[in-house]
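Chain by chain, the residues run as shown.
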Amino acid sequence: MSRHDFENGPARVSIGWDAPLASFFLQVWTGEEQDEDDGPSIWLGAFYGEAPIPDPLIVVARRHVPDLPATLHRQLTIDQLAAPARPRRPGLIDPPR
(Lines give C-alpha, C1' and ligand atoms only; values in the text may rest on other atoms or scores of the structure.)
Protein backbone atom coordinates (compact mmCIF):
# COMPACT_ATOMS: atom_id res chain seq x y z
CA MET A 1 0.00 0.00 0.00
CA SER A 2 1.18 3.49 -0.73
CA ARG A 3 0.09 6.65 1.02
CA HIS A 4 0.85 10.27 0.20
CA ASP A 5 -0.21 12.99 2.66
CA PHE A 6 -0.79 16.66 1.91
CA GLU A 7 -2.10 19.66 3.85
CA ASN A 8 -3.68 23.00 3.05
CA GLY A 9 -4.58 24.95 6.18
CA PRO A 10 -6.99 22.79 8.18
CA ALA A 11 -7.58 20.40 5.26
CA ARG A 12 -5.59 17.17 5.12
CA VAL A 13 -5.56 14.68 2.24
CA SER A 14 -4.22 11.13 2.09
CA ILE A 15 -4.19 9.45 -1.31
CA GLY A 16 -2.61 6.21 -2.43
CA TRP A 17 -2.87 2.67 -3.79
CA ASP A 18 -4.19 -0.32 -1.83
CA ALA A 19 -3.22 -3.59 -3.58
CA PRO A 20 -5.40 -5.90 -1.40
CA LEU A 21 -8.45 -3.80 -2.33
CA ALA A 22 -7.31 -3.32 -5.95
CA SER A 23 -8.22 0.33 -5.56
CA PHE A 24 -6.78 3.78 -5.23
CA PHE A 25 -8.06 5.55 -2.14
CA LEU A 26 -8.61 9.08 -0.94
CA GLN A 27 -9.24 10.32 2.58
CA VAL A 28 -10.00 13.99 3.26
CA TRP A 29 -10.17 15.68 6.64
CA THR A 30 -11.67 19.14 6.20
CA GLY A 31 -10.93 20.39 9.70
CA GLU A 32 -14.66 20.40 10.49
CA GLU A 33 -14.62 16.96 12.16
CA GLN A 34 -15.79 17.05 15.77
CA ASP A 35 -12.57 15.62 17.20
CA GLU A 36 -9.34 13.92 16.16
CA ASP A 37 -10.87 10.44 16.55
CA ASP A 38 -13.52 11.15 13.90
CA GLY A 39 -12.93 9.51 10.56
CA PRO A 40 -12.32 11.50 7.42
CA SER A 41 -15.09 13.64 5.94
CA ILE A 42 -14.52 11.94 2.58
CA TRP A 43 -13.31 8.37 2.11
CA LEU A 44 -13.23 6.94 -1.40
CA GLY A 45 -11.73 3.62 -2.46
CA ALA A 46 -12.69 1.68 0.65
CA PHE A 47 -14.19 -1.25 -1.27
CA TYR A 48 -12.60 -3.79 -3.60
CA GLY A 49 -12.05 -2.32 -7.07
CA GLU A 50 -13.93 0.90 -6.26
CA ALA A 51 -11.37 3.28 -7.79
CA PRO A 52 -9.30 1.48 -10.46
CA ILE A 53 -7.77 4.74 -11.75
CA PRO A 54 -6.53 7.71 -9.72
CA ASP A 55 -7.86 10.57 -11.86
CA PRO A 56 -11.28 11.10 -10.18
CA LEU A 57 -9.68 10.96 -6.74
CA ILE A 58 -7.06 13.53 -7.70
CA VAL A 59 -9.84 15.87 -8.88
CA VAL A 60 -11.58 15.61 -5.49
CA ALA A 61 -8.28 15.97 -3.61
CA ARG A 62 -7.42 19.18 -5.53
CA ARG A 63 -10.65 20.77 -4.26
CA HIS A 64 -9.16 20.61 -0.77
CA VAL A 65 -5.42 20.88 -1.50
CA PRO A 66 -5.10 22.81 -4.79
CA ASP A 67 -1.30 22.67 -4.92
CA LEU A 68 -0.92 18.88 -5.17
CA PRO A 69 2.24 17.97 -7.09
CA ALA A 70 1.87 17.77 -10.87
CA THR A 71 3.65 14.41 -10.65
CA LEU A 72 1.04 12.82 -8.34
CA HIS A 73 -0.71 10.83 -11.08
CA ARG A 74 2.63 9.44 -12.24
CA GLN A 75 3.66 8.50 -8.70
CA LEU A 76 0.35 6.75 -8.00
CA THR A 77 0.71 4.78 -11.24
CA ILE A 78 4.23 3.74 -10.20
CA ASP A 79 2.85 2.69 -6.81
CA GLN A 80 0.24 0.53 -8.54
CA LEU A 81 2.81 -1.11 -10.81
CA ALA A 82 5.11 -1.82 -7.86
CA ALA A 83 2.34 -3.60 -5.92
CA PRO A 84 -0.15 -5.16 -8.38
CA ALA A 85 -3.76 -5.68 -7.36
CA ARG A 86 -4.45 -8.84 -5.45
CA PRO A 87 -7.21 -11.23 -6.52
CA ARG A 88 -10.57 -10.71 -4.95
CA ARG A 89 -11.16 -12.92 -1.92
CA PRO A 90 -14.15 -15.27 -2.11
CA GLY A 91 -17.09 -14.19 -0.03
CA LEU A 92 -16.19 -10.50 -0.05
CA ILE A 93 -19.36 -8.45 0.29
CA ASP A 94 -19.99 -5.64 -2.17
CA PRO A 95 -21.17 -2.28 -0.82
CA PRO A 96 -24.74 -1.22 -1.57
CA ARG A 97 -25.07 0.84 -4.73
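Residues numbered from 1 in each chain as written. Predicted model: local features only at pLDDT ≥ 70, side-chain atom pairs only at ≥ 80, totals over all residues. Heavy atoms only, no water.

**Points about the nonpolar core**
Definition in use: We define a nonpolar core as any set of buried Ala, Val, Leu, Ile, Met, Phe, Trp, Tyr and Cys residues linked to one another through side-chain atoms lying within 4.5 Å. Relative accessibility decides the category of a residue: with a 1.4 Å probe and only protein chains considered, values under 20% of the type maximum give buried, values over 50% give exposed, and everything between is partly exposed. We count a stretch as a helix when DSSP gives it H or I for four or more residues in a row; a strand needs E for two or more, and each element gets its number in order from the N terminus. Two residues form a contact once any of their heavy atoms are found within 4.5 Å.
With 17 residues, the main nonpolar core has Ile15, Leu26 and Leu72 as its most contacted residues. With 4 residues, the single largest contributor to this core is helix 1 (residues 55-64). In this structure Ile15 touches Ser2, Arg3, His4, Phe6, Phe25, Leu26, Leu57, Ile58, Leu72 and Leu76, once residues within four positions along its chain are discounted.

**Regarding the sheet that holds strand 2 (residues 11-18)**
Formally: Two strands form a pair only when DSSP identifies at least two bridges running between them. Lines fitted to C-alpha atoms define the axes, with helix axes restricted to the stretch in contact, and inter-axis angles between N-to-C directions lie between 0 and 180 degrees.
Spatially, the 4 strands line up as an open sheet ordered 1-2-3-4, and their pairing is antiparallel. Either end of the sheet is taken by a strand with one partner, and the two such strands are strand 1 (4-8) and strand 4 (42-44). Sheet twist, expressed as the mean angle between neighbouring strand axes with direction ignored, is 10 degrees. Across 3 bridges, strand 3 (residues 23-29) lies against strand 4 in antiparallel orientation. In the strand pairing of strand 4, Val28 is matched with Ile42. Helix 1 contacts strand 1, strand 2, strand 3 and strand 4 of the sheet and is inclined by roughly 15 degrees relative to strand 3. Contacts between helix 2 (residues 72-82) and the sheet are confined to strand 1, strand 2 and strand 3, with strand 2 contributing the most and set at about 35 degrees to the helix.

**What about the side chain of Ser14?**
We apply this condition: We define a polar contact as two N or O atoms separated by no more than 3.5 Å, with the added condition that, inside protein, one atom must be a possible hydrogen donor and the other a possible acceptor, whereas residues neighbouring each other in sequence contribute only through side-chain atom pairs.
Residue position: Ser14 is located in strand 2. Given the relative accessible area of 4%, Ser14 is considered buried. In terms of polar contacts, Ser14 uses its side chain to reach the side chain of Arg3, at 3.1 Å. Once residues lying within four places of it in the same chain are set aside, the contact partners of Ser14 are Arg3, His4, Asp5, Phe25, Leu26, Gln27 and Trp29.

**A word on the environment of Trp17**
Residue placement: Trp17 occurs in strand 2. Assessed through its relative accessible area of 1%, Trp17 is described here as buried. With residues up to four places along the chain from it excluded, the contact list for Trp17 reads Met1, Ser2, Ala22, Ser23, Phe24, Phe25, Asp79, Gln80, Ala83, Pro84 and Ala85. Only 2.7 Å separates the side chain of Trp17 from the backbone oxygen of Ala83, close enough to count as a polar contact.

**Re helix 2**
To keep it simple, the criterion reads: Think of it as the arc spanned by the lines of direction from the helix axis to the C-beta atoms.
All of the buried residues in helix 2 are Leu72, Leu76 and Asp79. Relative to the axis of helix 2, the buried residues are bounded by an arc of 55 degrees and lie together on one face. Of the residues in helix 2, the exposed ones pointing more than 90 degrees away from the buried face are Arg74, Leu81 and Ala82. In this structure, the buried side of helix 2 is in contact with strand 1, strand 2, strand 3 and helix 1.

**Focus: helix 1**
The set of residues buried in helix 1 consists of Leu57, Ile58, Val60 and Ala61. Down the axis, helix 1 shows its buried residues gathered within 165 degrees of arc, on one side only. Where helix 1 is buried, its residues meet strand 2, strand 3, strand 4 and helix 2.

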